[in-house]
Amino acid sequence: MINFLKLLRFELDRFFKLYVVLIVVTIVSQLAGLVIISKLYMRRAREEIVVNQNSMESFLETYGQFSLANLTHSLWFVGPIALCIVSLLIYVFFIWYRDWFGKNTFIYRLLMLPTERLNVYLAKAMTIFTMVLGLVSLQIVLIYLEMNLVRLLVPRDFRLDLPIQGVIHSFDYFYILIPNSFIGFLISYGTGLMALFVLFTAILIERSYRLKGVFIGGLYVTASFLVFISPLLLSEIFLPRFFYPTEMILLEVFAGLIVMAGAIWLGHYLLNKKIRV
Amino acid sequence: MIEVREITKRFGRKEVLKGVSFTAEKGEITCLIGVNGVGKTTIMNAIMNLTPIQSGEILIDGQKINKRSYEKIMFIPDAITMLPQMTIQQAMQFMDDFYESWNEKRAKELLDFFKLEEGNKISNLSKGNTAKINLLLGLALDVDYLLMDEPFSGIDIFSREQIADVFTSHLVEDRGVIITTHEISDIEHLIDKAVILNDGTVVKSFYTEEMREKEGKSVIDVLREVHLQ
């Protein structure tokens, strides 16, 4: 356990600089975006009401009230989130491949540590997972900040104060990242973690069998996906309307756990028996 | 004792090792000699479980390699296996964090011996100094066996001399060492046992001293004979 924690800290340290960049870009972009968008909105309001002599009601009818949804639909908000998602997706691969292809082949060292090799696998997975949770937490804090900032920037009459759930639901896919229930959280992050383990194991298949491994890894990912959606396939194709929704969720959780356990077991086996430096 | 028994290894269709067997004892320096591509590094990797073998068996003091074995045996590859952005001090700290067998006192002693500064970044070191740090990170572990892959390859003459001095010092004494080389002349005087590899098999294995005394041949003489056959 202690070695796992040491490895986790070590892996977190290795990603730290890039992570700080992602955090700074997200904060700056979203806050600057909010200031710019709200200023533009208020300038337009001034033009319509003061210069064009339109009433406030007709302005609000045409342009609507300003809310955080104006921000969440803009590139200022979506851009850094997309950047973080893409960076972390790339990092899923980079976290392994850099140890083989870096200037100094660090994988020798990692595989020769007097600890279970599975700890290396789990520490790398937990690094990605921690980073994701960190960025999502940052986003929640940022939304609170933005909710307060918008009150300073836009007068009450022009403003629609959305509750945090409203803000989250104003952005199409945000509810996946920030679910509104514990079950939702388990489903989103459980599925994410499972996908991460499957990808890690596919990478290890490639690292063990090289070119042949690309093909086998592809097959493995496909097979894992099919096992994961097997309850859905079963209920759609063979037994329509046979299961209650709660039963379906339980079956899905079970299928997900099988895929996750299979990925970890296979990763453990490959690291001990098949891996090549 | 490290026992390598009848190991075979294929890369695709190419059979690199065709039943290699040899032993390496504690307190002896065993040298694997062969031209480039003969499979010396593959044997080292196989001993450390860094590459799978198709058949055969490798035992370290009678046991198959497991996580605890890495406190007992260490491999020093031909390139340093620490992150280039680390300083020497950070690399030493990393070793200290993970290995119970890390001997800080010996590490400092080696640092002095090689005249290196702890604060230097690994990526800024010359090739010779990088090789020395690589060696230091292995030698400063209180392990029974050390595997070294071409420790003299591509480094300047003064660094070679310094590294060669290590072999005759207390830093290596009593340990079992397996060293590979394709340039035997550099280390002939240091080794106890030679294992000559050719075409994926061990063609000859002998004690150098015994060979000199009984047959009056140096390692190079024996190598010449083997290659002329």
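Nothing here was measured: the structure is a model prediction, and the numbers come from that model. (Residues numbered from 1 in each chain as written. Chains lettered and ligands numbered in written order. Predicted model: local features only at pLDDT ≥ 70, side-chain atom pairs only at ≥ 80, totals over all residues.)

**Q** Account for the overall build of chain A, naming residues and giving values.
**A** When helices and strands are tallied, chain A shows ten helices and zero strands. What you see in chain A, going N to C, is helices and strands ordered as α-α-α-α-α-α-α-α-α-α. Its C-alpha atoms give chain A a radius of gyration of 24 Å, more than 25% over the compact-globule value 19 Å for 277 residues. In terms of overall dimensions, chain A has C-alpha extents of about 80 × 55 × 35 Å along its principal axes. Out of the 277 residues belonging to chain A, those deemed buried represent 29%. Relative to all contacts within chain A whose residues are 6 or more apart in sequence, the contacts with residues 24 or more apart total 78%. (Helix = DSSP H or I, 4+ residues; strand = E, 2+ residues; numbered from the N terminus. Rg over C-alpha atoms; globule rule 2.2 N^0.38 Å. Buried ≥ 20, exposed ≤ 12 C-beta atoms within 10 Å, placed from the backbone. Contact = placed C-beta atoms within 7 Å.)

**Q** Please set out the sheet that holds strand β8 (residues 193-198) of chain B residue by residue, giving values where relevant.
**A** All names here are of chain B. Taken in spatial order, the six strands make up an open sheet running β5-β6-β7-β3-β8-β9, and their pairing is mixed. Either end of the sheet is taken by a strand with one partner, and the two such strands are β5 (73-76) and β9 (201-207). Here the strands of the sheet are splayed against their neighbours by 15° on average, with no regard to which way each runs. Bridge count between β5 and strand β6 (residues 145-149): four bridges; the pairing is parallel. Within the sheet, the bridge partner assigned to F75 lies in β6 and is L147. (Pairing = 2+ DSSP bridges. Axes fitted to C-alpha atoms, helices over the stretch in contact; angles between N-to-C directions.)

**Q** Quick one: what's the story with the interface of chain A and chain B, residue by residue and with numbers?
**A** Tallying the contact residues gives 18 residues for chain A and 20 residues for chain B. For the side of chain A that touches chain B, the elements supplying multiple residues, two or more each, are α1 (2-51), α5 (107-111) and α10 (245-274) of chain A. The element that contributes the greatest number of residues to the side of chain A that touches chain B is α5 of chain A, accounting for three residues. A class-by-class count of the residues in the side of chain A that touches chain B yields seven nonpolar, four polar and seven charged. (Nonpolar A, V, L, I, M, F, W, Y, C, P; charged D, E, K, R; others polar.)

**Q** Residues and numbers for the pairing of β9 of chain B, please.
**A** Pairing analysis gives six bridges linking β8 of chain B to β9 of chain B, with the strands arranged antiparallel. From the neighbouring strand, L197 of chain B faces β9 of chain B, where its bridge partner is V202 of chain B.

**Q** Quick one: what's the story with the nonpolar core, residue by residue and with numbers?
**A** Core analysis: the largest hydrophobic core is formed by 114 residues, its most contacted members being C31 and L147 of chain B. Residue contributions to this core peak at ten residues, all from helix α9 (residues 182-238) of chain A. (Core = buried A, V, L, I, M, F, W, Y, C linked by C-beta atoms within 7 Å.)

**Q** How would you explain the packing of α9 of chain A against α10 of chain A if you had to name every residue and give the values?
**A** All names here are of chain A. Running from N to C, α9 and α10 point in directions that differ by 165°, and their axes come no closer than 5 Å. By the angle class used here, α9 and α10 are roughly antiparallel. Every pair of crossing elements has a handedness; the one defined by α9 and α10 is right-handed. Its residues assigned to classes, the contact of α9 with α10 comprises 21 nonpolar, nine polar and two charged. (Parallel < 35°, antiparallel > 145°, perpendicular 65-115°, else oblique. Left-handed = near helix turned anticlockwise from the far one by under 90°.)

**Q** How would you explain the environment of P84 of chain B if you had to name every residue and give the values?
**A** Note that P84 of chain B resides in the loop between β5 and α2 (88-98). Between the C-alpha atom of P84 of chain B and that of E15 of chain B, which follows or precedes it by 69 residues, the distance is 34 Å.

**Q** Just give me the short version of the pairing of β8 of chain B, but keep the residues and values in it.
**A** All names here are of chain B. For β8, a buried count of five out of six residues is recorded, marking the element as mostly surrounded by other parts of the structure. Two strands pair when backbone bridges link them, and strand β3 (residues 29-33) and β8 are joined in this way by four bridges, in the parallel orientation. Bridged to C31 within β8 is A194. The turn joining β8 and β9, which pair antiparallel and follow one another in sequence, is formed by two residues; a positive phi near 50° is taken by D199.

**Q** Any details on the confidence of the model for chain B? Residues and values, ideally.
**A** Looking at chain B, the pLDDT average stands at 91 and 100% of residues meet or exceed 70. Interface predicted TM-score (ipTM) for the complex: 0.93; the corresponding pTM is 0.92. (pLDDT = per-residue confidence, 0-100.)

**Q** Lay out the sheet that holds strand β1 (residues 2-11) of chain B with the relevant residues and their values.
**A** Residue and element names in this part refer to chain B. Ordered in space as β2-β1-β4, the three strands form an open sheet in which the pairing is antiparallel. The open sheet has two edge strands, β2 (14-24) and β4 (55-60), and neither has a second partner. Averaged over all pairs of adjacent strands, the angle between strand axes in this sheet comes to 20°, irrespective of strand direction. As paired elements, β1 and β4 share five bridges and run antiparallel to each other. Within β4, the position partnered with I2 by the bridge is I60. On the sheet, helix α1 (residues 40-47) packs against β1, β2 and β4 and is oriented at approximately 115° with respect to β1.

**Q** Kindly report on the confidence of the model for chain A, identifying the contributing residues and their values.
**A** On average, residues of chain A score 92 in pLDDT, and 100% of them are at 70 or above. Within chain A, the element-level pLDDT minimum falls on helix α8 (residues 174-177) of chain A, averaging 76, and the maximum on α5 of chain A, averaging 96.

**Q** Could you give me a rundown of the environment of G154 of chain B, with the residues and numbers involved?
**A** Examined against the element boundaries, G154 of chain B turns out to sit in the loop between β6 and α5 (157-167). Overall, G154 of chain B belongs to the exposed group, with 11 C-beta atoms counted inside 10 Å.

**Q** Give me the lowdown on unusual backbone geometry, citing residues and values where you can.
**A** Residue and element names in this part refer to chain B. Although it is not a glycine, K115 adopts a positive phi angle of roughly 55°. Within the element layout of this structure, K115 appears in the loop between α3 (104-113) and α4 (127-139). Positive phi, normally seen in glycine, also occurs at D199, with a value near 50°. With respect to the element layout, D199 can be found in the loop between β8 and β9.

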